[in-house]
Number of protein chains: 2
Amino acid sequence: MVSPIRISIDAMGGDFGPSVVVPGCAIARERYPDSSYLFFGDEALIRPLLEQHPELAAVSEVQHTDVAVRMDDKPSQALRHGRRRSSMWMALDAVKSGRADLTVSAGNTGALMAMSKLCLRMMPGVERPALAAIWPTLRGEGIVLDVGATIGSDAEQLIGFAVMGEAMARALLGIERPTVGLLNIGVEEVKGLEYIRAAGQILRDGSIPIDYYGFIEGDDIGKGTVDVVVCEGFTGNIALKTAEGTAKQIAQYLREGMRRSLLSRLGFLFAKAAFDTLREKMDPRKSNGGVFLGLGGMVIKSHGGTDAEGYAAAVSLGYHLSRNNLMEKIAEGLGHYNRDGADAGQETTEVVNS
Amino acid sequence: MVSPIRISIDAMGGDFGPSVVVPGCAIARERYPDSSYLFFGDEALIRPLLEQHPELAAVSEVQHTDVAVRMDDKPSQALRHGRRRSSMWMALDAVKSGRADLTVSAGNTGALMAMSKLCLRMMPGVERPALAAIWPTLRGEGIVLDVGATIGSDAEQLIGFAVMGEAMARALLGIERPTVGLLNIGVEEVKGLEYIRAAGQILRDGSIPIDYYGFIEGDDIGKGTVDVVVCEGFTGNIALKTAEGTAKQIAQYLREGMRRSLLSRLGFLFAKAAFDTLREKMDPRKSNGGVFLGLGGMVIKSHGGTDAEGYAAAVSLGYHLSRNNLMEKIAEGLGHYNRDGADAGQETTEVVNS
């Protein structure tokens, strides 16, 4: 008999608020009968939607607040107006106080990051949180982090990302020994930036119990050369957005080509299975949901513009990670890491930062 | 009556050497009857190939050398063994001495960069060379630089890239006022790295005669939001490789889908026109050839693993850029830029570096 997974929901987050969030949770609830929901936001909007989904309503609570973080709020604005009283903050606080196992928000990334850090604090031994993305690859799925929680990094922080990403791969992909690579470029001799080389050296020396593959290049991400791709947040965000742009671009070329003649349209119908495969593999709704790693609680970030199906994917991701003890796995990984000499490194960094 | 374009060729560069290089030049020669060729490399390999292409042979000279830079040579090795006597160096030297208008090499990027800097020196007013890539976009073609000539950058160097890339866009795309964007990430408030913000401020203030668009994100590259995407070399290389990886990944999904059933195979035949469109748009051979900008002469880098068609594309690119006075356009752009106060900035950088 396993305990249910309790999910706190920032119902006002995202471009469409409760009208996407509630139906999204209804889909997730169907998938996971042992999930329960705690909605934060405008009760007058949430209640009528819940009534349309009685099975969801039966396992849901609603806590009203008038305050919502806007999609264009800067993190500082969000903190000023939304601290303690916004749906985003209250959803995070439910995790902090133990009323929920994880929270899901489609609200703006910067605000969610800032509030998460303030409300949930960092996990012991973590210097910086990371936003981890799930990336469809030719071998299945991979994890790429950081895709933009912070920019700039040093070797110790990259290693922290590696440890957290590896733990997430174990929880998400069910692999016992996920492989980890450092994203770098192949310019001869130079071989990338100093802090990446330094991180590579530490990971290679084997003191951290991670299956370290080595440096990888941009095209290795989609190939699935490793299970976990580690990089600094600026680089990771550029890579993620560039890949999304390329996928859209190719889809557009195909659409244009298909429209060219009656024959191509007919061909399209016949080859529909192939396109369905492609759509399924590349559907951003299937892999909707970034995960903030390194915080004192689990926070799932859904895309702001997603639909109910996409929101359900984000909730499902959170459910799955919670069921597979992501937080415990990270803490365990960090424990190894910190025992193995990272404490000295952290002190150094703190001195540098002060 | 225009003067012919004389092209010096590192015949030994690339995975296949003369067996791809010579037929590639034969294709280019057919396209541009007013082009002539100066081959450097193993005469015993080059001559028999030239005999198979009498029209090319009629406008070609061969200069023998036993020495070739290997694809896995480090830049320092290449310089040690290949300076003054390798086919790569000699091809560059032909540009330096005025015997050729440009050089094309499929040799290794690091070695070519190092030799180019040493042999051709930098253009006056340029601090750092950049490798510019031509990127297929939904609006046609764009230019992205730097894609890996160097890593790390400061604001002044980014502006140098912007000026050179804009000049290249005028020469390549025939646009009078190309738009220029700085690659950045959309993390709220943070809005990217300090040197990118600084470069943005200088470009926004209008003292440099460039049509500056503003910051763009990774997905804007493929959209063609701007004609010229400016970024530091590490970031640009990651973006380029990630896009290539994504394109290959999608092609693979489509192939798998197509093989699934007889019906999809039939559909594929009917929809062939659509796939041909896609193939043409994404064909790496069509946009084969990076351009080193900022050197005292024009250097085109072909992919090492390309075929004759791809090599011809690199030669054609060089021909086209030379015909459209790339070097003069860059010098002119840099003249504007340096007159407009960049000298002060350069001095600062030199102080910092010393």
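Worth saying up front: this structure is predicted, and the values here are computed from it rather than measured.

Draft legend 1. Spatial organisation of the overall build of chain A. In terms of helices and strands, chain A carries 14 helices and 11 strands. Its C-alpha atoms give chain A a radius of gyration of 21 Å, near enough to 20 Å, the size a compact globule of 354 residues would have. Split into buried and exposed, the 354 residues of chain A put 58% on the buried side. For chain A, long-range pairs separated by at least 24 residues make up 72% of all intrachain contacts whose partners lie at least 6 apart in sequence. Averaging the positions of the 37 positive and the 44 negative side-chain charges in chain A gives two centres separated by 5 Å.

Draft legend 2. The arrangement of the relation of the copies chain B and chain A in detail. When chain B is fitted to chain A, the residual RMSD is 0.0 Å, and the transformation amounts to a turn of 180° plus an axial shift of 0.0 Å. Such a turn and shift between the copies fits a two-fold axis. Nearest to the rotation axis, the C-alpha of Gly267 of chain B is located 1.9 Å from it, this being the minimum over chain B. Interface overlap between copies: 100% of the residues of chain B at the interface are likewise at the interface in chain A, consistent with a symmetric, same-surface contact.

Draft legend 3. Summary view of the state of the cysteines. Residues and elements named next belong to chain A. Tallied over the entire structure, the rule returns zero disulfides over all chains. Cys119 forms no disulfide, and the closest cysteine sulfur to it belongs to Cys25, at a distance of 19 Å. Under the relative-accessibility criterion, Cys119 is labelled buried at 1%.

Draft legend 4. The domain arrangement of chain A, seen in detail. Residue and element names in this part refer to chain A. Taken as a whole, chain A is organised into domain 1 (5–121 + 295–323) and domain 2 (130–284 + 330–353). Computed over C-alpha atoms only, the centres of domain 1 and domain 2 are separated by 26 Å. Facing the six residues of domain 1 at the interface are seven residues of domain 2. Both faces combined, the contact of domain 1 with domain 2 buries some 580 Å², and carbon together with sulfur accounts for 76% of it. Between the two partners, domain 1 and domain 2, sit zero salt bridges. On inspection of domain 1 and its partner domain 2, the count reaches one residue pair in polar contact (both at pLDDT 80 or more). Counting residues per element, the ones that place at least two in the side of domain 1 that touches domain 2 are helix H6 (109–120) and helix H13 (308–323). Considering each element in turn, the side of domain 1 that touches domain 2 owes the most residues, three residues, to H13. Split by residue class, the side of domain 1 that touches domain 2 holds three nonpolar, three polar and no charged.

What counts and what doesn't
- Residues numbered from 1 in each chain as written.
- Chains lettered and ligands numbered in written order.
- Predicted model: local features only at pLDDT ≥ 70, side-chain atom pairs only at ≥ 80, totals over all residues.
- Heavy atoms only, no water.
- Helix = DSSP H or I, 4+ residues; strand = E, 2+ residues; numbered from the N terminus.
- Rg over C-alpha atoms; globule rule 2.2 N^0.38 Å.
- Buried < 20%, exposed > 50% of the residue type's maximum accessible area, 1.4 Å probe, protein only.
- Contact = heavy atoms within 4.5 Å.
- Lys, Arg positive; Asp, Glu negative; His and termini not counted.
- Charge placed at Lys NZ, Arg CZ, Asp CG, Glu CD.
- Least-squares fit on C-alpha atoms with pLDDT ≥ 70 in both.
- Disulfide = S-S within 2.5 Å.
- Domains from an automatic or database assignment.
- Buried area = accessible area lost by both parts, 1.4 Å probe.
- Salt bridge = Lys/Arg side-chain N within 4 Å of Asp/Glu carboxyl O.
- Polar contact = N/O pair within 3.5 Å; in protein donor to acceptor, adjacent residues only side chain to side chain.
- Nonpolar A, V, L, I, M, F, W, Y, C, P; charged D, E, K, R; others polar.

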